[in-house]
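The lines below spell out each chain.
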Amino acid sequence: MVTQTSNYTASNIRVLEGLEAVRKRPAMYIGSTDEKGLNHIVYEALDNAVDEAIAGVCDLVKLTLHADGSCSVKDNGRGIPVDIHKQTGRPALEIVMTNLHAGGKFDRSAYKVSGGLHGIGVKCTNALSEWMKTEVCLNGKRYSQTYKRGKPTSEVIEIGKTTERGTCQTFLPDKEIFSTTEFKFNTLLSRCRQQAFLVAGLKFIVKDERKDQEKEHTLYFQDGIKTYVRYINSGDKVLMEPFYVKKEIDDILVEVAIQYRDTVMSEIKTFTNNILNLEGGTHEIGFKSALTKAINDYGRSAEFFKDSDDTLSGEDVREGLTAVVSVKVKDPQFEGQTKIKLNNPEVKSAVYKVLREGLLEFFNENPKDAKAVLERSILSRKARVAAKAARETVMRKNALGGMTLPGKLADCTETDPSKSELYVVEGDSAGGSAKQGRDRFTQAVFPLRGKPLNAEKAHLGSVLKNKEFEGLITALGAGIGEEMDMSKLRYHKVIIMADADVDGAHIATLVLTFLFRHLRPLIEEGYVYIAQPPLFKIVDSKKNTYWVIDELERDRLSADILSKGGRVVNFQRFKGLGEMNPDQLAETTMDPENRILKQVTIEDAEEANRIFSTLMGDEVAPRKRFIIEHAKFAQLDV
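Residue indices begin from 1 for each chain and proceed along its sequence in written order. Where totals are concerned, whole chains, interfaces and linings use all residues; where local detail is concerned, this predicted model gives features only for residues with pLDDT of at least 70, and gives and counts side-chain atom pairs only at 80 or more. Neither water nor hydrogens contribute to the side-chain values; these are computed over all heavy atoms in the structure.

### Regarding the pattern of salt bridges
Move 1: Any Lys or Arg side-chain nitrogen located within 4 Å of an Asp or Glu carboxyl oxygen qualifies as a salt bridge. Evaluated as defined, the whole model comprises 35 salt bridges.
Move 2: One salt bridge in this structure joins R142 and E164, with 4.0 Å as the shortest N-O distance. One end of the pair, R142, is in strand 6 (residues 141-148); the other, E164, is in the loop between strand 8 (157-161) and strand 9 (166-173), and 22 residues separate them in sequence.
Move 3: Summary of the burial criterion: residues with accessible area below 20% of their type's maximum are buried, those above 50% are exposed, and those between are partly exposed, where the area comes from a 1.4 Å probe applied to protein chains only. The exposure class of R142 is partly exposed, given its relative accessible area of 21%.
Move 4: Close ionic contact of D262 with R376 constitutes a salt bridge, the shortest N to O distance being 3.3 Å. Of this pair, D262 sits in the loop between strand 13 (252-260) and strand 14 (267-272) while R376 sits in helix 11 (residues 367-398), and the two are 114 residues apart along the sequence.
Move 5: Counted as one network, the salt bridges with shared partners bring together K74, K133, E135, R142 and E164. To qualify as a helix, a DSSP run of H or I must reach at least 4 residues; to qualify as a strand, a run of E must reach at least 2; elements of each kind are numbered from the N terminus.

### Description of the sheet that holds strand 18 (residues 443-448)
Move 1: Note on pairing: DSSP must find at least two bridges between two strands before they are called paired. Within the open sheet, the five strands sit side by side as 18-17-19-20-24. Their pairing is mixed. The sheet is open, and its two borders are formed by strand 18 and strand 24 (597-599), each paired with just one other strand. When the angles between neighbouring strand axes are averaged without regard to direction, this sheet yields 25°.
Move 2: Sheet topology places strand 19 (residues 493-497) next to strand 20 (residues 528-531); three bridges connect them, and they run parallel. Residue pairing in the sheet places I495 in a bridge with Y529 of strand 20.
Move 3: The sheet strands contacting helix 12 (residues 428-437) are strand 17 (421-426), strand 18 and strand 19, and the helix crosses strand 18 at an angle near 170°. Comment: axis = line fitted to C-alpha atoms, over the contacting stretch for helices; angle = value between 0 and 180 degrees taken between N-to-C directions. Whether two residues touch is decided by their heavy atoms; if any such pair falls within 4.5 Å, the residues are in contact.

### With respect to the confidence of the model for the protein chain
Move 1: Each residue carries a pLDDT value, the predictor's own confidence for that position, ranging from 0 to 100. Looking at the protein chain, pLDDT values average 85 and 85% of them are 70 or higher.
Move 2: Note that pLDDT drops below 50 for residues 12-16; the model gives that stretch six contacts with residues more than four away or on any other chain.
Move 3: Within the model, pLDDT remains below 50 along residues 630-638, and this stretch shows six contacts once partners closer than five positions in the same chain are excluded.

### A few points about the sheet that holds strand 15 (residues 275-276)
Move 1: Pairing in this open sheet of five strands is mixed, and the strands run 12-13-16-14-15 from one edge to the other. If you trace the sheet from one side to the other, it starts and ends with strand 12 (243-249) and strand 15, each paired once.
Move 2: Packed on one face of the sheet, helix 7 (residues 225-232) meets strand 12, strand 13, strand 14 and strand 16 (321-328) and runs near 30° to strand 13.

### Comments concerning unusual backbone geometry
Move 1: Within the chain, N139 stands out as a residue other than glycine whose phi angle is a positive 55°.
Move 2: Phi is positive for N274, which is not a glycine, with a value near 70°.
Move 3: Take N274: it is sitting in the loop between strand 14 and strand 15.

### Topic: the pairing of strand 12
Move 1: Pairing of strand 12 with strand 13, which is carried by seven bridges, proceeds in the antiparallel orientation. In the strand pairing of strand 13, I249 is matched with I252.
Move 2: The loop that links strand 12 with its antiparallel partner strand 13 comprises two residues; one of these, D250, has a positive phi angle of about 50°.

### Describing the environment of V122
Move 1: Take V122: it is sitting in helix 5 (residues 121-127).
Move 2: Look at V122 and you get buried, because its relative accessible area is 4%.
Move 3: Not counting the four nearest positions on each side in its chain, V122 is found in contact with E44, A45, N48, V96, M97, M132 and Q169.

Following this line, the structure appears as structure tokens:
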């Protein structure tokens, strides 16, 4: 029986006016209200400036972080129109900034292609800012309008004459909306760098005016995405000069750059109208098909294959590949407002045709490069066959109902992954202390013997044959690579615990390299942490015990004890985790009430990929440059 408990009438229907809908449900428009959402409102303003560049009417974009916490994005494009909009009777600038689903992107005479689809974009920035100011330089005059949380607080007014042109958007993120309103300069710099690569000849000036953070970078790449692949591969030994092709088919502009490097990893970045499509789409499908077909066709014609039926798989030809695929499409169809995947079917055939024809022509004109790619792909196939056997062994051990956990694993009794932790510990000695000091109900321990394999240099087959990593994969339970099933992950905290010295940092880096290259979803979903064990134990004259993480904290604490009339009576430096008693290790590094954990995140996967290649790859020169550039931040262990 259904009972009526309340009246449901027209009075219950609420109409959200202006930009209220964005403030009411911000995550629906910008994805989240954390740091990613904060960056997103900058990107919306930035994308508008880049759209002007794509239209050929802008060659300079300035992004500035101001001392008051606000951000401005300025371009030298056409400027947002300020004349009266006939349909509404209000200035076009006000309509563009405050009316959902209104904008120039619907009119193909204004923008042939653009990243914006729905006329939402910068309105989200306006709605989610405590205040915003738009300045337009147009027809020799400067105009301005101000807003508060999306609502105009002034008319569109003329504020002077100028010889400049373009639009400047300045805004202060709203603390009522965002969990953090502090911009990270490097994240925004990375975004601007990416856009500078994608629009050859577009200059970016990125400036930070905040106290103690003052800096300025100029970004300009005449060779566009050819330079982009070189940048991504800057820490690796490359096998060829970048291949590049650009061609328009049926109003779809296709631009592709590829370069092979001497590594087992591959990186394919796909863009539509300069918007990064994280999950690829039809342009990526067309790219992969064309790459595989072109390499097999050339390999067969150049007699690289003994058997006429011999063929390389897509996985074989993509090993070591770095590629950037950029398409310009009039009416792009995406999955969702965040545009993570392109769905236009006609793009697949356009990319396929452009790349296959262009790559075959390149191979015929550059047989040396073609030979390097074919030999690399054939070697990859041999490694894949070996890896398949090793992977099947690992997957069999992980099979549901047939899992045989490694003997060195001291597992916990808790079976709920959200309550379970796995400590990956450096050395058997430290592993013994950790096993004795742990909470056996929720904390498992997996000790590593010796320095782990460098997964940056090794093929997957070698990684899977490595006893330490094989045991760790089995303990985690989710598999590896494309076969990973995160629903089978046995621990939702994977904590790397190594000595608080240079050797310990090296081991932690090797483990992180393995996780980043082969178990990246663990990092992406926030399951990986670094433990922070103490380096010193200090006891003062009042018998207070302090655990200190590094030399700086030691010196600060010692000075503080002296300033309060005390003195240090006992001082101990730990050479490693194995020197600590189980109760000491438990108290300082494993007890959730006292321990310090650093969560490992990937703010910029592209930059993380480049740094891992630089630090862990074979090329010495890029690693030397990196060390020199960052030497002032180093902590020495002498």
